Structures are given as structure tokens and as C-alpha cells.
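One-letter residues, chain by chain:
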Amino acid sequence: MSEINIKRNIAFTTGSQAITMVAAFVVNWYLARFLGPELRGQYVYLFTLNSVLWLLLDLGVSKSIMVSMQRDKADPRALYSMSLVFFALSFLVSYLVFRFFPLWRLGLESYSRTTIFALSLYIAMFQLHNRQKVISIGANRIVDYSLLLTLPTVLFLLVILPMFWVFPASKRMEGAYLLNVGVMFLITLFFDRRIYRQISFKFIWDIPLIKRSYAMGFKAFLSEYLAIMMTRVDVLLLKHFGSFEDLGVYMLAINFIDIINVTGNMIGVVLLNKFAALNNDKESLEILRRVFALMIIFNTICILGMALLGHFVIPLLYTNAYIGAYKAFMYLVPAIFGLTLGSLFNTFLWSKGFPIFTIIAPAITSLLKVIVASLLIPLYGFYGAALSSSLVYPLWFIMLLAWYFTAHKEQKFKDLLVRKEDLQGVITMLLQLRSKAGTKA
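What comes next is a walk through the structure. Values in this document were obtained by computation on a predicted structure and should not be read as measured data. Here the residue index of a chain counts from 1 through its sequence in written order. It should be noted that, the model being predicted, local features are given only for residues of pLDDT at least 70 and side-chain atom pairs only at 80 or more, the latter also being counted only at that level, while totals for whole chains, interfaces and linings use all residues. Excluded from the side-chain calculations are hydrogens and water; all other atoms, namely the structure's heavy atoms, are used.

**Notes on the overall build of the protein**
Phase 1: Counting its regular elements, the protein contains 14 helices and zero strands.
Phase 2: Each residue is placed in one exposure class: buried if its accessible area under a 1.4 Å probe, protein chains only, is under 20% of its type's maximum, exposed if it is over 50%, and partly exposed if it falls in between. Counting the 441 residues in the protein, one finds 55% classified as buried.
Phase 3: Partitioning the intrachain contacts of the protein with sequence separation of at least 6 by distance along the chain shows that 85% fall at a separation of at least 24.
Phase 4: Under the convention used here, a 1.4 Å probe and the Shrake-Rupley method define accessible areas, while residue burial counts only the protein chains that appear. Taken as a whole, the protein presents about 19,000 Å² of accessible surface, with 68% of it coming from carbon and sulfur. The way it works is that DSSP assigns letters per residue, a run of H or I at least four long becomes a helix, a run of E at least two long becomes a strand, and they are numbered from the N terminus. Only heavy atoms enter the contact rule, under which two residues are in contact if any of them lie within 4.5 Å.

If you want it as C-alpha cells, here you go:
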């Protein structure tokens, strides 16, 4: 396995994510404008359920695979064999649950059986797709990892623009979702064949490795699942107390946040791969501090852009029906910093063996968010949901920091504080990347 080059990997990852963000922005604009708030609310609710349910079936193995490859030098053929078997099981379980569980309890009573079947397939595929990404980054195949990041959104963009108008007006939400699932199916199948060739695949059923993967991943699952619930419980409560129309407007603001946070998460995956190969916390914190500087600059640029332009651009691009998303986004500013920096620091803690506090912290903040959101949403609608996030996410980040530096007294909090030279270094790196891109062009 080649040596991990963190600068190269982050450059590839952020470049791919930039392309993905542009494509996601266009897709979200297109669907928001032409579906309208209510149908778009129905559309995004399916993806909200996926984000909650695929992790429940994965049980953290998508995180433990990377540690197994880096530290235990596990055979990727055995890891992929396990992934294929559990893909089939996940599809069967999700289909049976949706087939026999009362759909109204999940908020799915208004969807067709075809859409429910597609949701079952998508949940299982999304799990396999994530394991394909982890195996690629774990093997330091950064190009494949970058393609797995980018292709689902870019290809969906290319097909939805002309195909949207082929569907009857009453079926455009369902048609858009089925098309998204079809694109994911083709990409997952393509990389399945590619991984087969790269690792000279043969089926290996390694029971001890499976047990280790699930034992190691379970703590990661609890930590990540509770973190996801922390970020999605307001959406579920808004659906409960409000309407699909409220959800459609609020999710536009959340989409802007997700685009920012996904960048941090993608950098976090690269860092987890690097941190898993390091046993030096001081060196890891120095790397993390520089990445914090990068994220702070990125967050600030995005927030200023929205503050200056959002009030005019949102009605222009999405119609006046979505103007509430601008104010909701501004209420979410503290949440942006808490979520992105907290996610990066949580990734650092995961690399240390998924300590139990990475489960306790999101459990506490998720419970707090349920309480606060339940009080604020009935009073202020989606603005209340935004306020609950801006209270909870920074608190989560502060709790993680307090626990780590209390439990590891040999490390100093000041080593994580971003310095002037870090900001200058990030700016220099970005200018160098821009210069290189201009030279190649």
C-alpha cells in the first residue's frame, strides 16, 4: 500500500467535493423551483429517512473497515465479501420492514409502493456505496474515492435536467426519486466490477474479521448514529408538528448547511485514514489545527456570501415561496461552526479507538435537541428548528473538547487554537493550487 500523502488526498477530496457541491446546488435549485415546497418536502424526506436507516443497518462497519485496513492489514477481499453479503441482507430487512410495518408511523403513508421499494433498495445501496468509498480510501486509491464522491450527484444532474419533463406532472417527485435511485444503482454496480479487478476478488468469509469489524464498528455506529440523529431529529419533529411545505423550505436552508458540512466530512475521512496510521496525538492535533483553519475560512466565506446575497438570490432562483430559508440559514450560523469543527474533532477521537464519550456527547445533545425543538417548533416553526440546532451543535463540540483535554492532560488546548501562520498557510496553499490549476489549463 502506498504512503498516505495527506496534502494530495485533501486536494483531491476537496476538488471532488467542490464539483459535487456545484452539481448538488444545481440539482437542489432545479427540483426546489419546479417541484415547489410541498413536493420537494416529500422528496427530501425520503433522503432524511435514508440517512437515519442506513446507519442502523451498517452498525458502524463503514468506519471500522478503514481502521482494519490501516492497522490490522485486513484482506480487502474478505472485507468486500462481508460488504456484499450484508448488502443483500440490508435490502431484505429494509423491504420487509416497509412491507409489514405501519407506514404512517414512518411518515410514508402518502408514497406509492414503487417508491417504498426503491427506498428499500437505496438504503442497502447507499450502505454498499459507502463501504466502496472506505475500501478505496483505505487502499489509498484517492482517484476512485473522489469519483465515488462525485459521480452520483453529477450523473443525476445530467439525467434529471432533460428527464424531469418526461414524467407526468403528478409523477415528477416520484420520477425524480426513482431516477436518483437508478443512477446510484449503476454507479454502485460499476465500482463493484472495478473493485473486483483491483483486489483480484474471490469470496472469503472470514468470521473472526466480521466479529472484529462489528465489535469495533459498534461504538462508531452509536457515536455516528447519535450524531446523525442530533442533526436530523429537528427534521423529523418538523414533519410531525408541521407540513411537507414547511419541511421543503427548511430543508433548503439545511441543504446549504449540508453542502458546507459534507466538505468537512470528506476531509474528515481523509484525516481518519491518516490518524489511524499515526500513534502521536501531538502530531495529529497539529494536522487538525491546520484543517480547522481551512474550515473556518471556508465557513466564513460561505456565510458571508449567503448573508450578502441570499435575501436576493433565494427568491430569484427558488421563487418567493422559499424566502424563509434565508432567515433560517442566518439562525443556523452558530450551528455551522459547531457542526463542522465538531465533526472534524469527533473524527480525531474515532481514530483513537472510538472512545465511549463520542457516544455519550451526541446522546446528551440529541436529547437536549428533542426537548428544545419540541418547545420551539410549535411556536416558531422551522425557525425554532434552526435555533435548536444553533444551541446544540456548538455545545456538542465544546463537550468533546472538554472531555479530551481533561482525559489527556499531557496535551494542551492551546495546541489546537488556530494561529495566524495557519491561516496564512491555508491561503498560500489555496493560491498554489489555483496557480497549478491555471498552469495545467
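**Points about the nonpolar core**
Phase 1: To qualify as a nonpolar core, a set must consist of buried Ala, Val, Leu, Ile, Met, Phe, Trp, Tyr and Cys residues joined through side-chain atoms within 4.5 Å. Leu 31, Tyr 43, Leu 108, Tyr 250, Ile 314 and Phe 345 are the most contacted members of the largest nonpolar core, which totals 99 residues.
Phase 2: In terms of residue count, helix H1 (residues 6-58) provides more of this core than any other element does, 14 residues in total.
Phase 3: When neighbours within four sequence positions are excluded, Leu 31 is seen to be in contact with Gly 36, Arg 40, Tyr 43, Phe 156, Ile 160, Phe 164 and Ala 176.
Phase 4: Ile 65, Met 82, Ile 137 and Ile 142 belong to the second largest nonpolar core, which has 24 residues in total.

**Some points on the packing of helix H10 (residues 324-331) against helix H11 (residues 333-350)**
Describing two packed helices takes the angle between their axes plus the distance from one axis to the other.
Phase 1: Lines fitted to C-alpha atoms define the axes, with helix axes restricted to the stretch in contact, and inter-axis angles between N-to-C directions lie between 0 and 180 degrees. Between H10 and H11, the shortest axis-to-axis distance is 4 Å and the interhelical angle comes to 55°. In this view, H10 runs oblique relative to H11, as classed from their interaxial angle. Note on element contacts: H11 touches H10 through Val 333, Pro 334 and Ile 336, opposite Phe 329, Met 330 and Tyr 331.
Phase 2: Here the contact of H10 with H11 is built from residues that sort into six nonpolar, no polar and no charged. Here roughly perpendicular refers to angles of 65 to 115 degrees, roughly parallel to angles under 35, roughly antiparallel to angles over 145, and oblique to all remaining angles. Note on residue categories: nonpolar means Ala, Val, Leu, Ile, Met, Phe, Trp, Tyr, Cys or Pro, charged means Asp, Glu, Lys or Arg, and polar means any other residue, Gly included.

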